[in-house]
Each structure stands twice: as structure tokens, then as C-alpha cells.
Amino acid sequence: MYFHEYLAISTPSLPWQGGARQYTAYNLQLTSSEVVIKNTQFFDLPKPRLFGHRGDPRRFVENTLPSFESALDCGVRYLEMDLWLTRDLVPVVHHDRELSRIYGMDARVGDLNLEEIKKLIPKDALLPDEQGLSIFSQQDFSVPTFEEVLNKFPSAMFNLEFKLDSFDLVNRVVDIIFEYNLQDRVLLASEHDHLVDNPRVLENNIPVALGYKQTREFFAWIDSGREKSFETRGSALQIPESYNGLQLLTGDNMKKARDNGLEVHVWTVNHREKMREFIDMEVDGIMSDDAKMLVQEASSA
């Protein structure tokens, strides 16, 4: 997930100034009595929604087919993943702009075409032991395309984060979403608000999470004590428990979010005691790198 430079949340300097580019916001003002979460299958499953954050990286290399398979086998229904475009404009699943951390290559995702990227194998230290490699081949841990993930896991729900600030990425992914009739089972997210707050997404009623700008504005709206509703077309607020000493996840903040039609999903939760705490708080969703532990705690609640 994103949260870099999440500063000055409660300061007066909140109106966004993004330089020369201006983006139109498509807001829908709702009162708490009118708020309805987007009516898609994504929101039909029981809460809390359990997300495999980049799959199940506690056991397998993050954002790879084995990692996603492991998360689903553990019992989560939601897969969280990050999307980039290759040089030849193919959406692929990878977290970092660079390929060096996982694949040991000093290049960016967008520097290579798909054929070149598919030849990469993760660093030896990240690959599973012999038992894991008896189930999966090294090539199974290559960077997957978005379509490979959809074909492999046709029943999963998908939390898709646009990492690249590119409408080419959005348009290609939305094309694939409709090609696979997936619009009912996805939630789109990005720190770049204009990528998800645009007509191609919103007019097709594809649910989105708040981006960086709107998340910041939401907490400023809380601080302001305003009585009117928070204006958003988003369906989810996805946040860490706290940031820079500021407690973001509180019962009061959750209530305000829900009163404005937002589910609250917390990331990234990798300790049992925190999982139990958030389950007891009745958060709407939890993202974790440890799918097995997350499912165990949710099942025992």
C-alpha cells in the first residue's frame, strides 16, 4: 500500500496544489441516511474482509502466482496486488518501480518488455526451500501479468493498486476488467487520486478506495468538526493503524467513515494481538502478509 509523505494531515494547508496539471473531481454529496456501499460482489462477503497483502509473502515471494495461490489456500478471499506497465504496455503485478529488490536486476518495470521480464527469477534467498520448489518451479515465481492472475484465480476478489501514474495503465486494466466481466469483484486503489477518480472508472460503477489526497482530506474534515457530510465517490478508506504518531484507526474515525459510505480497511497487520484487536473493533477489512495467521485469528473470533 501507499502512505509516503503522509504529513500535515491536520494542518490548514490542505487544499491540494499539484502544479500545472488540474484534475476534475467527481464528487457525490451524501447524507448519512442516504449512504449505500457500492452494490457489488466485492462487498457481499462476510466481514472482516481478509486480504492477502501481495498474496502470502510470509511463505512465498510477494506478488507471484504461488504467493496468491497460498493466500487463497489459507482461506482469504481477497487478493491485494500492485500494477505496472511493461515497455510494451502489458499490465504486470509487482510492487516496486524497480526490479532490483526481488529480481536482482537494475532496471525499472517500464524499461523492459514482457518477454524480457518473464525471464527474470527472484533472488535465491527469496525462493522457497526444496520442498517449496518441489511444488512450484522457479519460473512460477516470475513477474505475473494481470491476466495470468485472473486466469489462475477466477473466483477471487481483487484489490488492485495502480502504482504507475498513467492513464494508459488504468485504461488497459479497465479493458481487461470488462473483458473478464470482473467489475463486480474488484476495488481499485492508487495514491494518485486522478487515476481512480475519473469517468472511465466511476461511470461504470467500479468501486474505488480513497487516494492520498482524499484520505488526507478525510482526516482534515474530521479535525475541522464540520457537520456536513464528507464528499466522496469512494467506497473504502484504506489506512495503517497510525502514522508519525497520529492514531488513524479509532472507533470514532470508523464511525465517521461508515456514516459517509466508506468501509475501513487496515494495513499491514502481521501480529496476532493486533489482528485480534482490530477484529474486536469490527474493522471492515484487514490486510496481512501472513494469510494463515489472519484466517486463524478471524476464525477463532
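Given the structure is predicted, the values throughout are model-derived calculations rather than measurements.

Novice: Got a minute to help me understand the side chain of Q238 in this structure?
Specialist: Within the secondary structure layout, Q238 lies in strand 6 (residues 236-239). Q238 gets classed as buried once you look at its relative accessible area, which sits at 1%. Side chain to side chain, Q238 and H265 meet in a polar contact 3.0 Å long.

Novice: Please clarify how the pattern of salt bridges should be interpreted in this entry.
Specialist: One side chain can pair with another of opposite charge once the charged atoms of both are near each other. Within the structure shown, the criterion is met by 24 salt bridges. As a salt-bridge pair, E62 and R101 come within 2.7 Å of each other at their nearest N and O atoms. A residue pair is termed long-range when its members are at least 10 positions apart, and E62 in the loop between strand 1 (49-53) and helix 1 (65-74) and R101 in helix 2 (residues 100-103) qualify at 39 residues. Measuring nitrogen to oxygen at the nearest pair gives 3.8 Å for the salt bridge that ties R108 to E98. One end of the pair, R108, is in the loop between helix 2 and helix 3 (114-117); the other, E98, is in the loop between strand 3 (91-93) and helix 2, with ten residues separating them in the sequence.

Novice: When you look at the packing of helix 11 (residues 272-281) against helix 12 (residues 291-300) in this model, what are you seeing that I'm missing?
Specialist: For any two helices packed against each other, the geometry comes down to the angle between their axes and how far apart the axes lie. Where helix 11 meets helix 12, the axes come as close as 10 Å, and the angle between the chain directions of the two elements is 45°. By the angle between their directions, the pair helix 11 and helix 12 is classed as oblique. Once helix 11 is placed against helix 12, the crossing between them reads as right-handed. Across the interface between the two elements, R272, M275, R276 and I279 of helix 11 pack against M293, L294, Q296, E297 and A298 of helix 12. Its residues placed into classes, the contact of helix 11 with helix 12 shows five nonpolar, one polar and three charged.

Novice: What is the right way to read the pairing of strand 2 (residues 78-85) from this model?
Specialist: It is a general feature of regular strands that their side chains alternate between the two faces of the sheet. Within strand 2, eight of the eight residues are buried, which leaves the element mostly enclosed by the surrounding structure. The alternating pattern of strand 2 places Y78, E80, D82 and W84 on one face and L79, M81, L83 and L85 on the opposite face, and all of these are buried. Two strands pair when backbone bridges link them, and strand 1 and strand 2 are joined in this way by three bridges, in the parallel orientation. Residue pairing across strands places G52 opposite L79, the latter belonging to strand 2.

Novice: Honestly, the packing of helix 9 (residues 212-224) against helix 10 (residues 251-259) in this entry has me stumped. Any pointers?
Specialist: Taken N-terminus to C-terminus, the directions of helix 9 and helix 10 make an angle of 110°; their axes are 11 Å apart at the nearest point. Considering their axes alone, helix 9 and helix 10 lie roughly perpendicular with respect to each other. Of helix 10, the residues touching helix 9 (which contributes F218, F219, W221 and I222) are N253, K256 and A257.

Rules and cut-offs
- For every chain, the first residue of its written sequence is number 1, and the numbers climb from 1 along that sequence.
- Given that the model is predicted, a residue must reach a pLDDT of at least 70 before its local features are reported, and side-chain atom pairs must reach 80 or more before they are shown or counted; all residues, however, enter totals for whole chains, interfaces and linings.
- In computing side-chain properties, one takes all heavy atoms of the structure into account and sets aside hydrogens as well as water.
- Helix numbering and strand numbering both begin at the N terminus, where a helix is a DSSP run of H or I of at least 4 residues and a strand a DSSP run of E of at least 2.
- Burial classes: relative accessible area under 20% of the type maximum marks a residue as buried, over 50% as exposed, and values in between as partly exposed (1.4 Å probe, protein chains only).
- For this analysis, a polar contact is any N or O atom pair within 3.5 Å, provided that within protein one partner can donate a hydrogen and the other can accept it, and provided that sequence-adjacent residues contribute only side-chain to side-chain pairs.
- Salt bridge, as used here: a side-chain nitrogen of Lys or Arg that lies within 4 Å of a carboxyl oxygen of Asp or Glu.
- Axes, fitted as lines to C-alpha atoms, cover a helix only where it is in contact. Angles between the N-to-C directions of the axes lie from 0 to 180 degrees.
- In these notes the angle categories are as follows: under 35 degrees is roughly parallel, over 145 is roughly antiparallel, 65 to 115 is roughly perpendicular, and the rest is oblique.
- A crossing counts as left-handed when the near helix is turned anticlockwise from the far one by less than a right angle, and as right-handed when that turn is clockwise.
- Working rule for contacts: check all heavy atoms of both residues, and any pair within 4.5 Å makes them a contact.
- Gly is put with the polar residues, along with every residue not named as nonpolar or charged; the nonpolar set is Ala, Val, Leu, Ile, Met, Phe, Trp, Tyr, Cys and Pro, and the charged set is Asp, Glu, Lys and Arg.
- The criterion for strand pairing is that DSSP finds at least two bridges linking the strands in question.

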